[in-house]
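Next come the chains, spelled out residue by residue.
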Amino acid sequence: MAPSESGMRVRFAPSPTGALHIGGARTALYNWLLARHSGGTMVLRIEDTDRERSTPENVAQILDALEWLELDWDEGPHSQAALGERHREAIARLVANGHAYEHEGAVRLRVPAGGTTTVHDVIRGEIVFEHAAIDDFVIARSDGSPLYNFAVAVDDRDMGITHVVRGEDHLSNTPRQLMVIKALGAEPPVYAHLPLLHGPDGKKLSKRHGAASVQELREQGYLPEAVRNYLALLGWGADASTTFFTTEELVERFSLERVSRSPAVFDEQKLRWMNGRYMRELPLEELTRRLEQRLGRGGLRAAAEISQEKMQTLAEFEPLAGFLVERRPFDEQAWSKVMKDGAHERLARARGALEAVEPFDSAGVEIALRGLVDELGVKPNKLFQPVRVAISGSTISPGIFESVALLGRDETLERIDAALEHA
RNA sequence: GCCCCCAUGGUCUAGUGGCCCAGGACGCCUCCCUUUCAAGGAGGAGAUCGCGGGUUCGAAUCCCGCUGGGGGUACCA
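Keep in mind that this is a model prediction, so the values were computed, not measured. (Residues numbered from 1 in each chain as written. Chains lettered and ligands numbered in written order. Predicted model: local features only at pLDDT ≥ 70, side-chain atom pairs only at ≥ 80, totals over all residues. Heavy atoms only, no water.)

Q: Which residues make up the pattern of salt bridges, and what are the values?
A: The tally for this structure, following the rule as stated, stands at 27 salt bridges. A salt bridge links E47 to R45, with the nearest nitrogen and oxygen atoms 2.8 Å apart. Taken individually, E47 and R45 each receive the classification buried, so the pair is uniform in this respect. What you see here is one network of salt bridges that share partners, running through R11, R45, E47, D155 and D156. (Salt bridge = Lys/Arg side-chain N within 4 Å of Asp/Glu carboxyl O. Buried < 20%, exposed > 50% of the residue type's maximum accessible area, 1.4 Å probe, protein only.)

Spelled out as structure tokens, the structure:
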């Protein structure tokens, strides 16, 4: 580890405009990885100098999202608005020493007429901005309240931030912040501007692109560890072939030097695939715990066990295995697709075979049903699908033997009877 | 308008002058397995490395121009 990377003080500074977006989540993750990797400090600061937007509910949503992602912080959350004292003090100082001046009630920073300001960006190298292209910008409103570009610079200085890691949308404003820091006579932090995240249409990621916020990802049944892994790979890669990283490995291997410069598109299909892999590797106890917590009920262990390898998200448990928990109506499309060409008769025969199974476990059910298949001389699915529709209401379910065994003899026979009558 | 950033298959990426007529992953297609759906296994299609000039014995890799995309330019953050 390079000396400069030891004990980094980083900050995640979202403006509370509502749900935490995926782009913000990635920024938070990268900052968190850097703090943990360097044995440093993660500061959480809420950029709430914009009155209206900064409601307590919005702030709560951000904290909630970070907690779900299991990204903890060491300091904060600080409210930028609450730091007004420091800001006003700094403004007064700049006005006093001529670095800023009052104009129509507002205060503007004096930008040198000539020369340049260079941003040293870890990811992009040196970026030179001509002062000629930057106007004297307002740092305080006429009511005295500070503006973003000013407050950020002051806060980063006051909080001793060593590395500012944020989205590329802040790059163009960096020279302004650098000028404030310089006017204040402070040392600038190291900057790293992350490439933005885009939607499938190439435009900036937004709600229009499906799951765009952390809370939506949670609702859709994604696992936080899978989301972390996927997000880490959106703009960063450790090598040519590693795709799966435990969080410990991410902490160990993540580095700003390997962050890419071009924008990335959030691909939910790949997240789904990755999430499925994490789902299958979850210990059964853990999978059960998460499903039960999500559904607000217990007793799901057995159902979770026979469904685990078939789910890509926690949300898929219900459509796949909900029938194990609660009887549900027949899906008419499934019904008409399966219950034809003598299916009714075969279902009746299956009922008979199951009635006699002893013991009524998955192995016993399999022997009985396969035996009947041989006896009838039909393709297995000619018998299994009608049974599946009868007990689950649909054509999709976990393994049929396991499902039947789990339901138990009485429940299974009742459902088959209901199906026989339904016809 | 002006300023800044970016540019490898549909997507995420590896690649920093020869090992690349470009590697991995998702997705897609085919086959296998198979009780459905997934999963898994084996193959396959898909990239003139945005375009045009250079530099060099040699360029995805360096330079210039262009085009395209994105961001900024507020008494928003």
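Q: Describe the protein's contact with RNA strand B, listing the residues and the values that go with them.
A: Contacts to RNA strand B come from 63 residues, most closely from S15, R124, K310, F384 and R388. Broken down by secondary-structure element, the contributors of at least two residues to the surface near RNA strand B are β5 (106-109), β7 (125-130), α4 (148-158), β12 (264-265), α9 (268-281), α16 (380-392) and α17 (400-407). Considering every element that reaches the surface near RNA strand B, the biggest residue donor is α9, with 5 residues. A class-by-class count of the residues in the surface near RNA strand B yields 23 nonpolar, 17 polar and 23 charged. (Near = heavy atom within 4 Å. Helix = DSSP H or I, 4+ residues; strand = E, 2+ residues; numbered from the N terminus. Nonpolar A, V, L, I, M, F, W, Y, C, P; charged D, E, K, R; others polar.)

Q: Go over the pairing of strand β4 (residues 100-103), please, and point to the residues and values.
A: On a regular strand, each side chain points to the face opposite its neighbour's, so the side chains alternate between the two faces of the sheet. Judged from the 4 bridges that link them, β4 and β5 form a sheet pairing that is antiparallel. Directly across from A100, in β5, lies its bridge partner L109. In this structure, the hairpin formed by β4 and β5 is closed by a connection of 2 residues, where E104 is found at a positive phi of approximately 55°. (Pairing = 2+ DSSP bridges.)

Q: Explain the layout of surface pockets to me, using residue names and the numbers behind them.
A: When its volume is computed, the largest pocket comes out at roughly 1000 Å³. Every residue lining the largest pocket is counted, 39 residues in all, and those nearest its centre are P14, S15, T17, D169 and H170. Taken together, the elements giving at least two residues each to the lining of the largest pocket come down to β1 (9-12), α1 (22-38), α4 and β9 (163-167). When the residues that make up the lining of the largest pocket are grouped by side-chain class, the tally is 15 nonpolar, 13 polar and 11 charged. (1 Å grid on protein atoms, 1.4 Å probe; cavity = no way out; pocket = protein on both sides within 12 Å on 5 of 7 lines; lining within 4 Å. Points joined across faces, edges and corners; volume = space filled by probe spheres on them.)

Q: Residue-level account of the sheet that holds strand β8 (residues 138-140), with values.
A: The strands making up a sheet associate through hydrogen bonds between their backbones, and the pairing can be parallel or antiparallel. Taken together, the 3 strands give an open sheet; going across it, the order is β4-β5-β8, and neighbouring strands pair in antiparallel fashion. Every interior strand has two partners, whereas the edge strands, β4 and β8, have only one. Strand-to-strand twist of the sheet, defined as the mean angle between neighbouring strand axes without regard to direction, takes the value 45°. (Axes fitted to C-alpha atoms, helices over the stretch in contact; angles between N-to-C directions.)

Q: Quick rundown of the packing of helix α7 (residues 224-232) against α9? Include the residues and the values.
A: It is at 9 Å that the axes of α7 and α9 come closest, and there the two elements cross at 135°. Classified by the angle between their axes, α7 and α9 sit oblique to one another. Handedness of the α7/α9 crossing: right-handed. Contacts from E225, A226, V227, N229 and Y230 in α7 reach K270, L271, M274, N275 and Y278 in α9. A breakdown of the residues in the contact of α7 with α9 according to their chemical character gives 6 nonpolar, 2 polar and 2 charged. (Parallel < 35°, antiparallel > 145°, perpendicular 65-115°, else oblique. Left-handed = near helix turned anticlockwise from the far one by under 90°. Contact = heavy atoms within 4.5 Å.)

Q: Pulling in residues and values, what's your account of the nonpolar core?
A: Core analysis: the biggest nonpolar cluster contains 100 residues, and L66, W236 and L354 have the highest contact counts within it. The greatest single-element share of this core, amounting to 9 residues, is contributed by α1. The residues touching L66, leaving out its near neighbours within four places in the chain, are F12, L20, A28, L44, L71 and W73. Ranked by size, the runner-up nonpolar core spans 30 residues in total, among them A90, A140, V164 and M179. (Core = buried A, V, L, I, M, F, W, Y, C linked by side-chain atoms within 4.5 Å.)

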